[in-house]
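This is what each chain is made of:
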Amino acid sequence: MRPWQEMTQPLPALDAAQRGRTDIGDMNNSLKLVPLSWIERRFLLVDGNGEIGRLEFERALSTRARGAAGGQEWIFERNGILHPVLTVRAPGDAAELLVIPMTFGGGCAITLEERIWRWKTANILRGELAWIRDGDGAQILYRPKMNGFTTEHQIEIAANGVPAETVRFLLFLGAYLAVQACTDTAAVTAVLLATAAVG
């Protein structure tokens, strides 16, 4: 099995109005993934002009979430612990658009438009995660920022020449993976604290 999977169906193209709304130049590194509710796990992707899209999990402890923006929607779901697999589907469709084997640490790679994008830790001390494209260093970087008792992510894009629909898809897939990483960290911390308290 390859360490990545190619998409079985192309990403839907954006119409002219949607394409203008997600133009990379307009984003200008002002994107944020903002929690509406960490308990319900609902998030907004916003820029300086307002909401771009939403990411909402089915339930508090579910790994299934729906991402929606500008007429595009995806269902993301991670299954497995030792050999996790991430699937991406269109709403109401049983067929998978994408099946992504993941590492135990949460890393993965996918091929979009014949280029490999890798999801990995960009800076372990700061908790930064990123999509990085092989060959040219194009990236979408997620920087966590504590805001009271919640965490929001500043998102920086350095992906000139990447189609807007690809950037939009990677933004939401990365947002899903960033939220899952925070949830996994919290779960491990809770287990360690409970073990220390018992011991």
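Read on for a plain summary of the structure. Values in this document were obtained by computation on a predicted structure and should not be read as measured data. (Residues numbered from 1 in each chain as written. Predicted model: local features only at pLDDT ≥ 70, side-chain atom pairs only at ≥ 80, totals over all residues. Heavy atoms only, no water.)

## Looking at the overall build of the protein chain
Move 1: Across its full length, the protein chain holds 3 helices and 13 strands.
Move 2: Here the protein chain, with 199 residues, has 42% of them falling under the buried criterion.
Move 3: Pairs at least 24 apart in sequence give 42% of the contacts found in the protein chain among residues at least 6 apart.
Move 4: Total accessible area computed for the protein chain in this model is approximately 10600 Å², and 56% of it derives from carbon and sulfur atoms. (Helix = DSSP H or I, 4+ residues; strand = E, 2+ residues; numbered from the N terminus. Buried < 20%, exposed > 50% of the residue type's maximum accessible area, 1.4 Å probe, protein only. Contact = heavy atoms within 4.5 Å. Areas by Shrake-Rupley, 256 points an atom, 1.4 Å probe, with all protein chains shown as cover.)

## Looking at the packing of aromatic side chains
Move 1: Inspection of the entire model under this criterion finds 8 aromatic pairs.
Move 2: Seen in terms of ring centroids, Phe43 and Phe57 are 6.5 Å apart; in terms of plane orientation they differ by 75°. Their pairing is edge-to-face. Of the two residues, Phe43 sits in strand S3 (residues 42–47) while Phe57 sits in strand S4 (residues 50–57), which places them 14 residues apart along the sequence. A single burial state applies to Phe43 and to Phe57, both of which are buried.
Move 3: An aromatic cluster is built from Phe43, Phe57, Trp74, Phe76, Phe169, Phe172 and Tyr176, whose rings are joined through pairwise contacts.
Move 4: Here the guanidinium or amino end of Arg41 rests over the ring plane of Phe57, the centre of that ring lying 3.8 Å away. (Phe/Tyr/Trp six-rings, centres within 6.5 Å; stacked < 30°, edge-to-face > 60°. Lys NZ or Arg CZ within 6 Å of the ring centre and 35° of its normal.)

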